[in-house]
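Inside the fold
Below are the chains, spelled out letter by letter.
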There are 2 protein chains.
Amino acid sequence: MISQFYKDMTGKESVIRKFFDYSRARAAELGPDSVFNFSIGNPSVPCPEDFNEELIKLVQEREPVALHGYSPTLGQNSTKQAIADSLNRRFGMNYEAKHVFPTSGAAGALAHAIRCVASEGETIITFAPYFPEYIPYVTGAGAKLEVVPADTTAFQIDFEKFEAMMNPSVAAVLINTPNNPSGIVYTTETITRLAEIMSKKQKEYGHEIFLITDEPYRELVFAGADAPFVSKFYDNSICCYSFSKSISLPGERIGYAAVNPAAKDADYLVPMMGQVSRFTGHNCPTALMQFAVEKCLDETSDLSIYERNANLLYDALTKIGYKCIKPMGTFYMFPESPCEDANEFCWKAAKELGLIIVPGDSFDCPGHFRISYCVPTELVEKAIPLFEKAYHFYK
Amino acid sequence: MISQFYKDMTGKESVIRKFFDYSRARAAELGPDSVFNFSIGNPSVPCPEDFNEELIKLVQEREPVALHGYSPTLGQNSTKQAIADSLNRRFGMNYEAKHVFPTSGAAGALAHAIRCVASEGETIITFAPYFPEYIPYVTGAGAKLEVVPADTTAFQIDFEKFEAMMNPSVAAVLINTPNNPSGIVYTTETITRLAEIMSKKQKEYGHEIFLITDEPYRELVFAGADAPFVSKFYDNSICCYSFSKSISLPGERIGYAAVNPAAKDADYLVPMMGQVSRFTGHNCPTALMQFAVEKCLDETSDLSIYERNANLLYDALTKIGYKCIKPMGTFYMFPESPCEDANEFCWKAAKELGLIIVPGDSFDCPGHFRISYCVPTELVEKAIPLFEKAYHFYK
């Protein structure tokens, strides 16, 4: 019969979506200049020209039956090898092609990795603030997501609370660095301590605990950031990556999961991901995109605008009086709301000023709001007086 | 902990795969001329030139941030509308854009459709011979696949057995026409009778029973075939389509599910599919492929070679003495094995003659073997004497 579970879900719109829809309705009613939309994390800079040139070259030069033909179940070998080589070169790792599983973006990578290392009734721990889509990825695998409350002093990790929440049902820990929505990057110190605690708990519980790292913002780090390659610090790790943000291809659904060669069952995990795909009807990502990203593995879009916007906005907001942890990457920042109820604050800013920002409640971190500044710098400049007005609603 | 379920599965290679691997190993050892590979259903003709031209045009002319940006959750509206228009024009239906959900091929369409209309503990009925990947699609949704034994007289439907197997736990019936592996097409008479029985059972059980139609071979029909558009005959239907075979794009993972506008909850089903995607980490198919197929909806590759090969091979095999239902579409045929154990027959043909065909056991239809004749006609001609030798192993 028609699934009541999925039917009920269609009625539950995400809060981010509601703000986005409000901004569209307002723009339609009052004109586009009445809206300052900082709600959506969609890259605003084009992909590298090399990428589009490679797409055209592939279509013009490769034999079409081979180009558009089925990928091997575990991905195009040339793509897997090129990704392994790039990671090894850049981060001193020793991945082989067999450790890399091309996926439909980081979402696909996470959904596959989670199903491989966590089963029915087991627990995955993550840290607030976190991307709310982790909930369906984890519950879709039959596991349960438990959330360590935010360290609001620095958006690193509250290790005391983390250790208190660890228990033998924990199959994996899921982190996102650089972080959506806080914009911070986990430091070498944070990753080192996380790895130490996890290693200790693995021994104590007598089973592996996987570290799943959600890294779509890996290349979006700002000057001075201490942004270590997480998998270097912990053997039982799976790196989940997407080309969505680094080369501005969110609609092309291309990324990968890279299994640490030192992980338990490292040689099984990619073939297991191939099996997971059979149950979700996912199969490989598009062949053309697998081939095309091979040529851009060490490139990024021109990401400088994100850092410029971050600095401009951070300086202005803190001058106004907002409290904010300085972002070190991504295209987000996550200030404290001047009103305790961030939801109220964001709706007031939207309705009175056309300033569209989203409350931290969606990321399990109330009292804060997220600004997505992947927008033209001019829009940031125009919005600063509005952020000032919004602050003075309350202070 | 590492999933024992998926780990155990990695050891279980499909029989088709084993034959394919054998053919590769043999070619490596004895040279490519020693192998006559009829095991794999991979299109052998190129995509229409229009398709590649459209890819290049999109990349050259569209603004890259928009071209490669996120699809709306339920797919590109222009693509959905174009697919609806094409189906309406060709089959006299009345789909709207909201009834169409772009997917990663027919696999994605089936996995989404099944999760929407069948829940934990419910049953989906299909008919032998059938594509073995239906098992993970159905069990992945928590449902159970039950198989009506083959009508080996015509590979239509054994309605007596079908009716006997119907029961109130049946949430959906899943058919594949034109059929892999038999090459037959369900006739208007078959579809009419199927719809009548299902309608009767819906009333009797007091709940809807969905008809899910797996139609990747829809355009691959031969002269004289009676190949009705299934959804015209039954309201509670979801058509699952892929561009893999019709325009030779199996690696590009692009297809759709089209919900019959007359179905129960027709307006909910596509939004529900969007919710399913969140749990599987699938999201939309590649934006570029969605845009590009818009221009080729009423086109196919030059599929004439498949019909030419079918006729050549059917005439030759039946002359030799093989019993075979004449294929009316696809690029498969499914003769009776001259030895009762088709598995034994296929291995003997592979090892003694380099003739690679696969046993019907994989499709829940023992005593038959599948020939995939999506190969150059020259290869078919060369293989005919080998089919003759293989027949005379036993007769």
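A few points on the structure. (Residues numbered from 1 in each chain as written. Chains lettered and ligands numbered in written order. Predicted model: local features only at pLDDT ≥ 70, side-chain atom pairs only at ≥ 80, totals over all residues. Heavy atoms only, no water.)

Of regular secondary structure, chain A possesses 14 helices and 12 strands. Expected size for 395 residues packed as a compact globule is a radius of gyration near 21 Å; at 21 Å, chain A falls within 12% of this value. Considered along the principal axes of its C-alpha atoms, chain A spans approximately 55 × 55 × 55 Å. Taking as baseline every contact in chain A between residues at least 6 positions apart, the subset at least 24 positions apart corresponds to 76%. As displayed, chain A offers around 14,200 Å² of accessible surface, 50% of which is attributable to carbon and sulfur atoms. (Helix = DSSP H or I, 4+ residues; strand = E, 2+ residues; numbered from the N terminus. Rg over C-alpha atoms; globule rule 2.2 N^0.38 Å. Contact = heavy atoms within 4.5 Å. Areas by Shrake-Rupley, 256 points an atom, 1.4 Å probe, with all protein chains shown as cover.)

Our focus in this paragraph is the pattern of salt bridges. The tally for this structure, following the rule as stated, stands at 29 salt bridges over all chains. Here Asp 267 of chain A makes a salt bridge to Lys 98 of chain A, at a shortest N to O gap of 3.3 Å. Here Asp 267 of chain A, found in helix α10 (residues 266–280), pairs with Lys 98 of chain A, found in the loop between α5 (77–91) and β2 (100–103); they are 169 residues apart in sequence, far enough to count as distant. Exposure remark for Lys 98 of chain A: the relative accessible area of 38% places this residue in the partly exposed category. The partner of Lys 161 of chain B in a salt bridge is Asp 158 of chain B, and the shortest N-O contact between them spans 3.3 Å. Accessibility expressed as a relative area gives 38% for Lys 161 of chain B, which makes it partly exposed. The network of salt bridges with common partners includes Arg 90, Glu 215, Arg 218 and Glu 219 of chain A. (Salt bridge = Lys/Arg side-chain N within 4 Å of Asp/Glu carboxyl O. Buried < 20%, exposed > 50% of the residue type's maximum accessible area, 1.4 Å probe, protein only.)

To describe a pair of aromatic rings, you give the distance between the ring centres and the angle between the ring planes. All names here are of chain B. Throughout the structure, instances matching the rule amount to 51 aromatic pairs over all chains. Centroid distance Phe 131 to Tyr 134: 6.0 Å. Interplanar angle 85°. Geometry classified as edge-to-face. Here Tyr 217 and Tyr 332 contribute two aromatic rings whose centre-to-centre distance is 5.5 Å and whose plane-to-plane angle is 75°, an arrangement assigned as edge-to-face. Remark: Tyr 332 occurs in strand β9 (residues 332–333) and Tyr 217 occurs in the loop between β6 (210–214) and β7 (237–242); sequence separation between them is 115 residues. (Phe/Tyr/Trp six-rings, centres within 6.5 Å; stacked < 30°, edge-to-face > 60°.)

Residue and element names in this part refer to chain B. Here 7 strands make up an open sheet; going across it, the order is β2-β8-β7-β6-β5-β3-β4 and the pairing mixed. This sheet does not close on itself; its edge strands, each paired only once, are β2 (100–103) and β4 (144–148). The average angle at which neighbouring strand axes cross in this sheet is 20°, direction not considered. Pairing analysis gives 4 bridges linking β6 to β7, with the strands arranged parallel. Residue pairing for β7: Ile 212 is matched across the bridge by Ile 238. Contacting β2 and β8 (255–259), helix α5 (residues 77–91) runs over the sheet at an angle of about 115° to β2. Contacts from helix α9 (residues 188–205) reach β3 (123–127), β5 (170–176) and β6 within the one sheet, and its direction differs from that of β5 by about 175°. (Pairing = 2+ DSSP bridges. Axes fitted to C-alpha atoms, helices over the stretch in contact; angles between N-to-C directions.)

Attention now moves to the environment of Leu 353 of chain B. Residue and element names in this part refer to chain B. Looking at the element boundaries, Leu 353 is found in helix α13 (residues 342–353). Through-space distance from the C-alpha of Leu 353 to that of Lys 389 is 8.4 Å; in sequence the pair is 36 residues apart. For Leu 353, the residues in contact, after removing those within four places along its chain, are Arg 26, Ser 34, Phe 36, Lys 348, Leu 386, Lys 389, Ala 390 and Phe 393.

To continue, consider helix α2 (residues 15–30) of chain A. Residues and elements named next belong to chain A. Along its 16 residues, α2 runs 22 Å from first to last C-alpha, staying within 8% of the 22 Å computed at 1.5 Å per residue. Looking only at α2, the buried set comprises Ile 16, Phe 19, Phe 20, Ser 23 and Arg 26. Down the axis of α2, the buried side of the element spans an arc of 125°, and every buried residue falls inside it. Exposed residues pointing more than 90 degrees away from the buried face of α2 are listed as Arg 24, Ala 28 and Glu 29. Where α2 is buried, its residues contact β1 (36–37), α13 (342–353), β10 (355–356), β11 (358–359) and β12 (369–372). One or two positions beyond α2, positive phi appears at Gly 31, with a value near 100°. (Expected span 1.5 Å × (residues − 1). Arc of directions from axis to C-beta.)

Our focus in this paragraph is the relation of the copies chain A and chain B. Least-squares fitting of chain A to chain B yields an RMSD of 0.0 Å, with the transformation described by 0.0 Å of translation along the axis and a rotation of 180°. On this basis, the relationship between the two copies can be described by a two-fold rotation axis. A share of 100% of the interface residues of chain A reappears at the interface of chain B, consistent with the copies meeting face to face through the same patch. (Least-squares fit on C-alpha atoms with pLDDT ≥ 70 in both.)

Of note, Arg 115 of chain B is situated in helix α6 (residues 105–117). As a C-alpha pair, Arg 115 of chain B and Met 273 of chain B span 158 residues in sequence and 8.1 Å in three-dimensional space. Excluding its chain neighbours within four sequence positions, the residues that come into contact with Arg 115 of chain B are Ser 3, Tyr 6, Phe 279 and Thr 280 of chain A together with Tyr 137, Gly 140, Ala 141, Val 276 and Thr 280 of chain B. One polar contact links the side chain of Arg 115 of chain B to the main-chain carbonyl oxygen of Ala 111 of chain B, over a distance of 3.2 Å. (Polar contact = N/O pair within 3.5 Å; in protein donor to acceptor, adjacent residues only side chain to side chain.)

Residues and elements named next belong to chain A. In space, the 3 strands of this open sheet follow the order β9-β12-β11, with antiparallel pairing throughout. Strand pairing shows two members of the sheet lacking a second neighbour, β9 (332–333) and β11, which therefore form its edges. The sheet contact formed by β11 and β12 spans 2 bridges and is antiparallel. Across the sheet, residue Val 358 finds its bridge partner in β12, namely Arg 370.

A surface patch of negative charge is lined by Glu 340, Asp 341, Glu 344, Asp 361 and Asp 364 of chain A. Of note, Glu 344 of chain A is situated in helix α13. (Patch = residues over 30% accessible without salt bridge, like charges linked within 9 Å, V, L, I, M, F, W, Y side chains within 5 Å. Lys, Arg positive; Asp, Glu negative; His and termini not counted. Charge placed at Lys NZ, Arg CZ, Asp CG, Glu CD.)

Residue and element names in this part refer to chain B. Within the secondary structure, Ser 246 is located in the loop between β7 and β8. Residue classification places Ser 246 among the buried residues on the basis of a relative accessible area of 1%. Excluding residues that lie within four positions of it along the chain, Ser 246 makes contacts with Pro 216, Glu 219, Leu 220, Tyr 241, Thr 300, Ser 301 and Leu 303.

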